[in-house]
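Each chain is listed here by its residues.
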Amino acid sequence: MKKGVLVLFAFLVFLQLTAQTEVGIRVGTNISKVSSRNGGGSGNATALLDIAIPVRIGITKGLFIMPELHFIQKGQKLNFTDIGGIESRGKYFTNYIELPILLGYGYGASDDFFTFYGAVGPFVGYAISSRVVSNIGSGDKVRQKIEFDNSYDGDLSKDRRIDAGLAAGAGIGLLAGPGKVTFDLRMNFDMLDARKFQNDTPNGYQGTFNFGFGIGVGYNFIIN
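Draft legend 1. Focus on the overall build of the protein chain. Within the protein chain, the regular secondary structure consists of 1 helix and 12 strands. Reading the helices (α) and strands (β) of the protein chain from amino to carboxyl end gives α-β-β-β-β-β-β-β-β-β-β-β-β. Within the protein chain, the fraction of its 224 residues that count as buried is 35%. Looking at the protein chain alone, contacts between residues at least 24 apart form 67% of all its contacts between residues at least 6 apart. Total accessible area on the protein chain stands at roughly 12900 Å², and carbon and sulfur atoms take up 64% of it.

Draft legend 2. Structural view of empty space enclosed by the protein. Considering all chains together, one arrives at 4 cavities of 30 Å³ or more under this definition. The wall of the largest cavity is formed by 17 residues, among which R56, Y117, T182, D184 and N220 lie closest to the centre. Of all the secondary-structure elements, those providing two or more residues to the lining of the largest cavity are β1 (21-36), β3 (46-58), β4 (63-81), β6 (114-135), β9 (162-176) and β10 (179-190). Per-element accounting of the lining of the largest cavity gives the leading share, 4 residues, to β10. Broken down by class, the residue content of the lining of the largest cavity amounts to 5 nonpolar, 5 polar and 7 charged. Estimates place the volume of the second largest cavity at around 100 Å³. Lining the second largest cavity are 14 residues; nearest its centre among them are H70, A167, R186, M187 and N188. Going through the elements one at a time, β4, β5 (87-107), β9 and β10 are the ones with two or more residues in the lining of the second largest cavity. Residues of the lining of the second largest cavity, tallied by class, amount to 6 nonpolar, 4 polar and 4 charged.

Draft legend 3. Representation of the environment of S36 within the structure. Within the secondary structure, S36 is located in strand β1. Under the relative-accessibility criterion, S36 is labelled partly exposed at 34%. Residues S36 and G207, spaced 171 residues apart in sequence, show a C-alpha to C-alpha distance of 6.1 Å. Leave out the neighbours within four places in its chain, and S36 touches G207 and T208.

Draft legend 4. How the structure looks around the pairing of β6. Inspection of the sheet shows β6 paired to β9 by 13 bridges, in the antiparallel sense. Bridge pairing in β9 places G118 opposite A170. The pairing of β6 with strand β7 (residues 141-146) spans 6 bridges and is classified as antiparallel. Residue pairing in the sheet places V132 in a bridge with Q144 of β7.

Draft legend 5. Region of the structure containing the nonpolar core. By size, the foremost hydrophobic cluster in this structure holds 7 residues: F64, M66, L102, Y117, A119, F123 and A167. Among the secondary structure elements, those contributing two or more residues to this core are β4 and β6. In terms of residue count, β6 provides more of this core than any other element does, 3 residues in total. Leaving out residues up to four positions away in the same chain, F123 has contacts with K74, E98, L99, P100, D163, A164, G165, L166, A167, N188, F189 and D190.

Draft legend 6. Structural detail: the environment of T60. Within the element layout of this structure, T60 appears in the loop between β3 and β4. Using a relative accessible area of 35% as the deciding quantity, one classes T60 as partly exposed. Taking the C-alpha atoms as reference points, T60 and Q20, 40 residues apart in sequence, are found 9.1 Å from one another.

Draft legend 7. Spatial organisation of the pairing of strand β12 (residues 208-222). As defined by bridge partners, β1 adjoins β12 across 15 bridges and the pair is classed as antiparallel. Opposite V34, over in β12, you have N210 as the bridge partner. As defined by bridge partners, β10 adjoins β12 across 11 bridges and the pair is classed as antiparallel. Along β12, the bridge assignment pairs D184 with G216.

Calculation criteria
Residues numbered from 1 in each chain as written. Predicted model: local features only at pLDDT ≥ 70, side-chain atom pairs only at ≥ 80, totals over all residues. Heavy atoms only, no water. Helix = DSSP H or I, 4+ residues; strand = E, 2+ residues; numbered from the N terminus. Buried < 20%, exposed > 50% of the residue type's maximum accessible area, 1.4 Å probe, protein only. Contact = heavy atoms within 4.5 Å. Areas by Shrake-Rupley, 256 points an atom, 1.4 Å probe, with all protein chains shown as cover. 1 Å grid on protein atoms, 1.4 Å probe; cavity = no way out; pocket = protein on both sides within 12 Å on 5 of 7 lines; lining within 4 Å. Points joined across faces, edges and corners; volume = space filled by probe spheres on them. Nonpolar A, V, L, I, M, F, W, Y, C, P; charged D, E, K, R; others polar. Pairing = 2+ DSSP bridges. Core = buried A, V, L, I, M, F, W, Y, C linked by side-chain atoms within 4.5 Å.

Encoded structure:
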């Protein structure tokens, strides 16, 4: 136990001596699309919200690890036709709390006016709520909360609220005051199906996965 504490302390001191740490906030859009071959409404990509708190921890010159805390929406536009033949359109989305942990490499020192980075790594998230916002034939907008299916009862499947996959990104920073104004591009790919089955996956079932492309702007404070 004592050796483990000493190793952790030495690692933290190493980080302080070798590279800088940044903490910031980023606001952007997640242009999201759901990939599914299991039927349902036809869907197209839609712009949704992505708010993040990035923490960039330097490891060596140029190399860093960047855990981030996101509130991110994933979903798509949908077109419906009900049994009466009335067409409606809208969007379906799920709100997630998500934690990517990215390993990246950056160009430029902390006091340079211009810096650039690229990063990639896994993420894990948890679905907290789902919504449908639709415009029915009369033009009225309807907002509806969708309850999660948390039980295997009936069809022996339920919603998988844990989300995991791969994230990648690149961005630039412009020195301004005590930190940097940042501009980022992001991509995220789900690797877990949105449905979880009690037994084996049914024959012919293709799965449902989210894909997103994000654009964001933020500000990072340089800690050291």
